[in-house]
Amino acid sequence: MAKKKIYKIGDYPGLTGWTVFFFAYLYMPMIVLVVYSFNESRRAQIWKGFSLDWYVKAFSNDDIQSAALNSLIVAVIATVFATVISTLAALALARGRQFRGQAAVTGLISLPLVVPEIATAVATLSFFAVIGFKLGLVSIIIAHTVFCIPFAFLPIRARLQGMDDAYEQAASDLYANDWQTFRYVTLPLMMPGVVAGAMLAFIISIDDFIITLMVSGAGSTTLPLYIYGMIRQGITPEVNVISTVMLVLSIIFITVYWFVSKKAEETG
Amino acid sequence: MNPVINSNIAVSVRNISKHFGGGKELVKALDGVSIDISDNEFFTLLGPSGCGKTTLLRLIAGFELSTVGEIFLYDEEIENLPPHKRSINTVFQHYALFPHMTVEENVGFGLRMLNRDPTEIKRRSMETLELVKMDQFANRKPVQLSGGQQQRIALARALAPEPKVLLLDEPLSALDLKLRQAMRMELKNLQRETGITFIFVTHDQEEALTMSDRIAVMSAGKIQQVGGPMDIYERPINRFVADFIGDSNFLQAKIESVLDNQANCLLSDNFSICTSLVGTHPTGSTVTLAIRPEKIKLNDESTLRGDIQETVYLGTDTNYIIKLNDSTTITVRDQNGVTGDARYSKGQSVGLHIPDSSVRMLAD
Ligand SMILES: Nc1ncnc2c1ncn2[C@@H]1O[C@H](COP(=O)(O)OP(=O)(O)OP(=O)(O)O)[C@@H](O)[C@H]1O
Ligand SMILES: [Mg+2]
């Protein structure tokens, strides 16, 4: 009996080569960045030997410290606000009374995801200018909260929509009032979505550049802004160090995010 | 206010209607339903899919508000109470066990919400788990249990707060046949032991007949008949009930005469049957008689005759599809002989004896 060969997309010749090339293209610059952050040389492009000196320098640099602190303050506060607002919005949309234009509202919340960031940045700046708001850390926090909302909203809403409302009915059937139902049933069940949303918001906030650049004022430099300023004086190992640290942070976050959403799938 | 406390009635549903949607898409899920369910009763709502059973249960539980009508729980009007203020618990069709809690936490949930003492919650949870023979699973999560085990936990969770009424929406439908049959007996025993009023929803007539004290047969949002299993089976009042519960033959007969509310009716071959008059049928009119296939005897001496068109082997019995001389067809269920053979074969001419007591005149 002749065996019929089934062609799969993976069988096409050269695919492996292309895949390797693609990944190299994607990750080589980052690998170079990380490696050179351990470079002993003052000039970033020439390898002189392994050293942690630049890490020590970077971490003891007052400007970097304050920029990092600013970034952290902005990201934490914006994440908390964006997550709370998104949670409430998702609850209202998924569990509240049905109303006309519900789909439109959901669309509007997610729209900023596809609006060019530069447009949002200019719009936000104009808005602050029109109402005469002083630019600084507070304006950055407000702007970050706003653009983090759609990122936090999506996973929370996805989680809530996949959740059978029979659990909430069962709770109220078992003498839980509205608050107890939310506290003991709805919230724990939607928690993986909330955590995922918060982590996404945090990552988006911590590395935002364009909007932050527009709405920052004196003394409110964040880490990405600081890096940009440093690069204009040439790429030093210090820049590599900060970038590496941010990269590692992001990888940790994404990994945790992945595990959280995987767990959510299993329990949901 | 109603000063008369009639504590024999656990749940009283009075003229309830529930409409969904509006305009052309108006669905009358319930249409003028009234029933009184007694204290300590195993009451079953039986009807085909979409007849409004779940809707009625959800109204009693408080998940849905009626369009018109009132619901009373031990003479207290409960229409305006939210579910958590009604002493009624539900066993959900798909159990809805809280996935983030252990079995014990699930069972204790109601008592915790009622602010009971922690030691009492613990004691009562374990006690209820023992009642459903699931105490050794107290620390498991619901996902680690089989369907049948989850079903028991759902039952325990609803029983633990000792509600006045327990609502069960097709709780056995997700189980396999053997388990379903075993659970029928257990549920019935559980109801007797706890003394809690059970309102049980099913579309399985066998389930309803074997477990219930009383059954309400529903169709298209209306109650068709309420009665004990035997009433419903032996004395169906209309065609729907006779058809839905068990198998029935429907024969057209002419009323010859009426005496003392007993009607003498003529069938094919002038075979006469005497049965109680139901409804307001005048002499000379044509009525429908319902007859169970197993109640008709094949008997060669009878004047009512027909030809066997088809035989259907059913294991213990055989169904004969017989064409009478007035060309109506009738199904007769006859027990097979000791060797398992059917007693008659296709094409044979047979006599049929229909005992008077086996016939029921329908109101419609
Ligand atoms: N929320 C709703 N909106 C609109 N129509 C509904 C709603 N809930 C129920 N219905 C309709 O009401 C009717 C009765 O539904 P119900 O769920 O009570 O039936 P059921 O007897 O429980 O059926 P089943 O045996 O299939 O569970 C159906 O026609 C159903 O489509
Ligand atoms: Mg139903």
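Everything quoted here is computed from the prediction, not taken from an experiment.

Some thoughts on the sheet that holds strand S12 (residues 262-266) of chain B
Residues and elements named next belong to chain B.
Move 1: Taken in spatial order, the 5 strands of this open sheet run S13-S12-S11-S14-S20, and their pairing is antiparallel. Where the open sheet ends on each side, the last strands, each with one partner, are strand S13 (272-276) and strand S20 (359-361). When the angles between neighbouring strand axes are averaged without regard to direction, this sheet yields 45°.
Move 2: Judged from the 6 bridges that link them, strand S11 (residues 249-259) and strand S14 (residues 286-291) form a sheet pairing that is antiparallel. By the bridge assignment, Phe250 is partnered in S14 with Ala290.

Looking at the pattern of salt bridges
Residue and element names in this part refer to chain B.
Move 1: Within this structure, the stated rule accounts for 19 salt bridges over all chains.
Move 2: Here Glu162 and Arg124 are joined by a salt bridge, their closest N and O atoms 3.8 Å apart. In this pair, Glu162 is assigned in the loop between helix H4 (147-159) and strand S7 (165-169) and Arg124 in helix H3 (residues 118-131), connecting sequence segments 38 residues apart.
Move 3: Since its relative accessible area comes to 53%, Glu162 is described here as exposed.
Move 4: Among the ionic pairs, Glu234 bridges to Lys295, the shortest N-O distance being 2.4 Å. In this pair, Glu234 sits in helix H7 (residues 229-234) while Lys295 sits in the loop between S14 and strand S15 (297-298), placing the two residues 61 residues apart along the sequence.
Move 5: Given a relative accessible area of 30%, Glu234 falls into the partly exposed group.
Move 6: With a relative accessible area of 21%, Lys295 lands in the partly exposed category.
Move 7: Each of Arg123, Arg124, Glu127 and Glu162 takes part in salt bridges that share partners, so that together they form one network.

Points about the layout of surface pockets
Residue and element names in this part refer to chain A.
Move 1: Empty space within the largest pocket amounts to approximately 670 Å³.
Move 2: Contributing to the lining of the largest pocket are 18 residues, with Arg95, Glu168, Gln169, Asp178 and Thr181 lying nearest its centre.
Move 3: Contributing elements (two or more residues each) for the lining of the largest pocket: helix H3 (62-95), helix H7 (166-173) and helix H8 (178-206).
Move 4: The greatest single-element share of the lining of the largest pocket, amounting to 4 residues, is contributed by H8.
Move 5: Looking at the lining of the largest pocket residue by residue, the classes come out as 6 nonpolar, 7 polar and 5 charged.

Let's talk about the site of ligand 1
Residue and element names in this part refer to chain B.
Move 1: Residues in close proximity to ligand 1 total 13 residues, the closest being Ser49, Gly50, Lys53, Thr54 and Thr55.
Move 2: Within the side chain of Lys53, an N or O atom sits 2.8 Å from an oxygen atom of ligand 1.
Move 3: Glu170 is positioned with one of its side-chain polar atoms (N or O) 3.3 Å from an oxygen atom of ligand 1.
Move 4: Contact with the protein chains covers 60% of the free accessible surface of ligand 1, which is 630 Å².
Move 5: Elements that contribute at least two residues to the shell around ligand 1 include exactly strand S2 (27-38) and helix H1 (53-61).

Looking at the sheet that holds strand S19 (residues 349-353) of chain B
Residues and elements named next belong to chain B.
Move 1: If you trace the 5 strands from one edge of the open sheet to the other, you get S15-S19-S16-S17-S18, paired in antiparallel fashion. Here the strands that pair on one side only, and so sit at the sheet edges, are S15 and strand S18 (329-335).
Move 2: Here 3 bridges tie strand S16 (residues 305-313) to S19, and the two strands are oriented antiparallel to one another. Bridged to Arg305 within S19 is Gly351.

Looking at the packing of aromatic side chains
Residues and elements named next belong to chain A.
Move 1: Tallying each qualifying case throughout the model produces 20 aromatic pairs over all chains.
Move 2: Ring geometry for Tyr55 against Phe59: centres 6.4 Å apart, planes inclined by 35°, an arrangement best described as tilted. Of the two residues, Tyr55 and Phe59 both sit in helix H2 (residues 53-60), 4 residues apart, roughly one turn of that helix.
Move 3: Classification of Tyr55 by relative accessible area gives buried; the value is 13%.

Focus: the pairing of strand S4 (residues 68-73) of chain B
Residue and element names in this part refer to chain B.
Move 1: Direction of pairing for strand S1 (residues 9-20) relative to S4: antiparallel, over a ladder of 5 bridges. In the sheet register, Ser17 faces S4, and the bridge partner there is Val68.
Move 2: Alignment of S4 against strand S5 (residues 76-77), held across 2 bridges, turns out to be antiparallel. Its bridge partner lying in S5, Leu73 is registered against Glu76.
Move 3: Once S4 ends, the chain turns through 2 residues before running back antiparallel as S5, passing Tyr74 with a positive phi of about 45°.

So, the interface of chain B and chain A
Move 1: With 24 residues of chain B at the interface, the matching set in chain A holds 17 residues.
Move 2: Here chain B and chain A share an interface that buries about 1,900 Å² over both sides, 66% of which is from carbon and sulfur atoms.
Move 3: Of all residues in chain B, the largest losses of buried area upon contact with chain A belong to His84, His100 and Met113 of chain B, amounting jointly to 31% of the total for that side.
Move 4: Our enumeration of links across chain B and chain A arrives at 0 salt bridges.
Move 5: On the surface where chain B and chain A come into contact, there are 6 residue pairs in polar contact (both at pLDDT 80 or more).
Move 6: Of all the secondary-structure elements, those providing two or more residues to the side of chain B that touches chain A are H1, strand S6 (88-91) and helix H2 (103-113) of chain B.
Move 7: Split into classes, the residues belonging to the side of chain B that touches chain A amount to 15 nonpolar, 6 polar and 3 charged.

The rules behind each value
- Each chain has its residues counted from 1, following the order in which its sequence is written.
- Lettering for chains starts from A, numbering for ligands starts from 1, and both go in the order in which the items are written.
- Residues qualify for local features only when their pLDDT is at least 70, as the model is predicted, and side-chain atom pairs are given and counted only at 80 or more; totals for whole chains, interfaces and linings, by contrast, use all residues.
- No hydrogens and no water enter the side-chain calculation; it runs on all heavy atoms of the structure.
- Here, any two strands with at least 2 DSSP bridges between them count as paired.
- Only DSSP runs of H or I with at least four residues qualify as helices, and only runs of E with at least two residues qualify as strands; both kinds are numbered from the N terminus onward.
- A fitted line through C-alpha atoms serves as each axis, taken over the contacting stretch for helices, and the angle formed by two N-to-C directions is quoted from 0 to 180°.
- Salt bridges are counted wherever a side-chain nitrogen of Lys or Arg sits within 4 Å of a carboxyl oxygen of Asp or Glu.
- Buried residues are those whose accessible area, probed at 1.4 Å on protein chains only, stays under 20% of the maximum for their type, while exposed residues exceed 50% and partly exposed ones sit between those limits.
- Buried and open spaces are told apart on a 1 Å grid over the protein atoms alone, a cavity being a set of points where a 1.4 Å probe fits but cannot get out and a pocket being an open set with protein on both sides within 12 Å along at least five of seven lines. Residues with an atom within 4 Å of a point are the lining residues.
- Grid points are joined across faces, edges and corners, and a volume is the space filled by probe spheres set on the points.
- Residue classes follow a fixed rule: Ala, Val, Leu, Ile, Met, Phe, Trp, Tyr, Cys and Pro count as nonpolar, while Asp, Glu, Lys and Arg count as charged, and any other residue, Gly among them, counts as polar.
- We define proximity as follows: a residue is near a molecule or strand when any one of its heavy atoms falls within 4 Å of that partner.
- Pairs of N or O atoms are called polar contacts if they sit within 3.5 Å, as long as, within protein, a hydrogen donor faces a hydrogen acceptor (for residues adjacent in sequence, only side-chain-to-side-chain pairs).
- Surface accessibility in these figures is a Shrake-Rupley result with a 1.4 Å probe; residues are shielded only by whichever protein chains are displayed.
- Think of it this way: a Phe, Tyr or Trp ring, Trp meaning its six-membered ring, pairs with another when their centres are within 6.5 Å, and the plane angle makes it stacked under 30 degrees, edge-to-face over 60, tilted otherwise.
- The contact rule is simple, with two residues in contact once any of their heavy atoms fall within 4.5 Å.
- Buried area counts how much accessible surface, traced with a 1.4 Å probe, disappears from two parts once they are put together, with both parts' losses summed.

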